[in-house]
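# Notes for the structure review
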Amino acid sequence: MLNEQYNFFESVEQSFDKAAKFTKWDKGLLEQIKACNSIYSMKFPVKMDDGRIEVIEAYRVQHSQHKTPCKGGIRFSNAVNQDEVMALASLMTYKCAIVNVPFGGGKGGIKIDPRQHSAYELEKITRRYTAELVKKNFIGPGIDVPAPDYGTGEREMSWIVDTYTSLKPGEIDAAGCVTGKPISQGGVHGRKEATGLGVFFGIREVCNMPEIMQKLGMPIGIVDKKVVIQGLGNVGYHSAKFFREGGAIVVAIAEYEGAIYKTDGLNEEEVFQHRKKTGSILNFPGATNLAKSSDALEMDCDILIPAALENVIHADNAPNVKARIIGEAANGPLSPEADEIFIKRGILVVPDMYLNAGGVTVSYFEWLKNLSHVRYGRMEKRFQENMNKHILGQMENLAGKQVSKKEKDYILHGADEIDLVHSGLEETMIGATREIMDIWHANPSIPDMRTAAYVCAINKVAISYVELGIFP
Ligand code: NAD
């Protein structure tokens, strides 16, 4: 549960300072990288279904404009506050740098519990928030591009793009003002599952590194690894799906109302449908209910994936965690104290700011699609298929043999948008994992993978400031 004393932005700053010691950059430059450049805190009135006027508290933070536009999700949660949005915006700067997405970091938040509002009220809140951002020039394809986060999804992104385009008639690139849109509104195939798929690619790459697995005392590969997932929302659901499809066993899933355990594995879609039908994850056929939702974090498993909210693993429960690998799918799920405990216990923490970068990576692909006004694969798919057909025909003639229908279909297939997006994401996540590990291996005094990831991010942001000519 969230601890009232917890200061998320301060904990991001602590991690930054810890890593900055391993870089060569000037103190002033490091201060500039760390600072939040622009903070827009707003209040606006919305008339609710029962006629009551509610004053809504909301934020948009642009942490860094060293590259523009700024980029980061919008969160709907009662726990939203300025500190949280600042922390999440700064993580976005570092995340974009690590995965080579040319954006600065941003984040938005509206302090509401979406479950307590009708769809009509949510629409009014989202549209009014967008109008406030337009008024202050805090949104636009070249300025700041929001996306989904906790409590928001395609529906909210549709309302945002619709409001923006009606306030900016004739702006040709207007669809690029927000990502995570439905396909019909300019979205890209593969965005919905992107963060969960990126989490899977990142952890799979770590599990394929012999020296890391040897240190952890685990066999190489993802197959048969026992996985626990916290949160069955967008990120948790898709992480569970790709781990299961990759051969891992999802032994427990936790939601806020409780957690369930099944040794031979849970199917996320069946659990999701059960929850939709009964209103709770509990009493899933064949599974055991756990006494408390947070008990799932302490279950016997190989890989723990917190995919709900920040600060769920802290000094009190970190000593009881049994996983050897923790993959931070959520933003900030570990407190700095938990981090220190895991370093001492030799548990590998794969850090949020790169592991959950799949969402922003595919958002970048969506933004590029919006600016180019053409779907991925439209120009080359047919050409590629015709060429493959020609090459295969020639080879079959020369060999005097024919390949099977299944093989033929596979070889002839030209890339669709989804193929290109998934392959771009896989390349990005594998590349980022190796880059961070190389930094870690090159400097044995770096204590953990999070610090190595920060070093990677700081170096990249610093270089772009230096290249701007602002700092020596
Ligand atoms: P979501 O709203 O789709 O899902 C979150 C789920 O967590 C919900 O089902 C909620 O009921 C559950 N939950 C809340 N508190 C819980 C608790 N204490 N125990 C167990 N479950 C709990 O949100 P999401 O988009 O999946 O985001 C989850 C996390 O991932 C957030 O930290 C977010 O910042 C991060 N993230 C999301 C994206 C993205 O593309 N959506 C990208 C990067 C990072």
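One can find the structure itself at the top, above this paragraph.
Here the residue index of a chain counts from 1 through its sequence in written order. pLDDT decides what is reported in this predicted model: residues at 70 or higher carry local features, side-chain atom pairs at 80 or more are listed and counted, and totals for whole chains, interfaces and linings draw on all residues regardless. Hydrogens and water are ignored here; the side-chain numbers use all heavy atoms of the structure.

## What to know about the sheet that holds strand E2 (residues 53-62)
Strand order in the open sheet made by the five strands is E1-E2-E4-E3-E5, with mixed pairing throughout. Single-partner strands in this sheet number two, and they are strand E1 (38-47) and strand E5 (144-148). Neighbour-to-neighbour, the strand axes of this sheet turn through a mean angle of 20°, independent of strand direction. In short, DSSP must find at least two bridges between two strands for them to pair. Here a helix means four or more residues in a row that DSSP labels H or I, a strand means two or more in a row labelled E, and each is numbered from the N terminus. Whenever a helix is involved, its axis is fitted only over the stretch in contact; in every case the axis is a line through C-alpha atoms, and angles between N-to-C directions fall within 0 to 180 degrees.

## Quick look at the packing of aromatic side chains
Each aromatic pair joins two rings of Phe, Tyr and Trp (for Trp, the six-membered one) with centres within 6.5 Å, and gets the label stacked for planes under 30 degrees apart, edge-to-face for over 60, and tilted for any other angle. As enumerated under the stated definition, the model contains ten aromatic pairs in all. Here the aromatic rings of Phe16 and Tyr94 are separated by 5.7 Å at their centres, their planes lie at 40°, and the arrangement is tilted. With Phe16 in helix H1 (residues 8-20) and Tyr94 in helix H3 (residues 82-98), this residue pair connects regions lying 78 residues apart in the sequence. Buried means the residue's accessible area, taken with a 1.4 Å probe over protein chains only, is under 20% of the maximum for its type, while exposed means over 50%, and partly exposed covers the values in between. Residue classification places Phe16 among the buried residues on the basis of a relative accessible area of 1%. Arranged with centres 6.1 Å apart and planes meeting at 40°, the rings of Tyr364 and Phe365 form a pair that is tilted. For the pair Tyr364 and Phe365, one class covers both residues: buried. In this structure an aromatic cluster arises from ring pairing among Phe103, Tyr364, Phe365 and Trp367. Over the ring of Trp25 we find Lys24, and its NZ or CZ is 4.6 Å from the ring centre. Working rule: Lys NZ or Arg CZ, within 6 Å of ring centre, within 35 degrees of ring normal, means a charge sits over the ring. If you follow Lys215 out to its NZ or CZ, it ends over the ring of Trp440, 5.9 Å from the centre.

## Notes on the side chain of Lys107
Relative to the helices and strands, Lys107 is located in strand E4 (residues 104-110). Given a relative accessible area of 3%, Lys107 falls into the buried group. Reaching out from Lys107, the side chain makes a polar contact with the side chain of Asp149 at a distance of 3.2 Å. With near-sequence residues (within four places) excluded, Lys107 lies in contact with Tyr59, Arg60, Val61, Gly72, Gly73, Val85, Leu88, Ala89, Met92, Asp149 and Asn331. The term polar contact refers here to a pair of N or O atoms within 3.5 Å; inside protein, the definition further demands a hydrogen-donor-capable atom paired with an acceptor-capable atom, and it admits residues adjacent in sequence only when both atoms are side-chain atoms. We call two residues in contact whenever any of their non-hydrogen atoms come within 4.5 Å of each other.

## Digging into the site of the ligand
Near the ligand, the surroundings consist of 22 residues, among which Arg75, Asp149, Thr195, Glu255 and Asn331 are the closest. The separation between an oxygen atom of the ligand and a polar side-chain atom of Arg75 is 2.8 Å. Asp149 is positioned such that a nitrogen or oxygen atom in its side chain is 2.7 Å from an oxygen atom of the ligand. Each accessible area value is a Shrake-Rupley result obtained with a 1.4 Å probe; residue values ignore everything except the protein chains displayed when judging cover. The protein chains hide 89% of the 830 Å² of surface that the ligand would expose on its own. Mapped by element, the contributors of at least two residues to the shell around the ligand are helix H8 (234-245) and strand E7 (249-255). Polar here means any residue outside two lists: the nonpolar Ala, Val, Leu, Ile, Met, Phe, Trp, Tyr, Cys and Pro, and the charged Asp, Glu, Lys and Arg; Gly therefore counts as polar. Class assignment of the residues belonging to the shell around the ligand gives a composition of nine nonpolar, nine polar and four charged. Here a residue is considered near a molecule or strand provided that any single heavy atom belonging to it is located within 4 Å of it.

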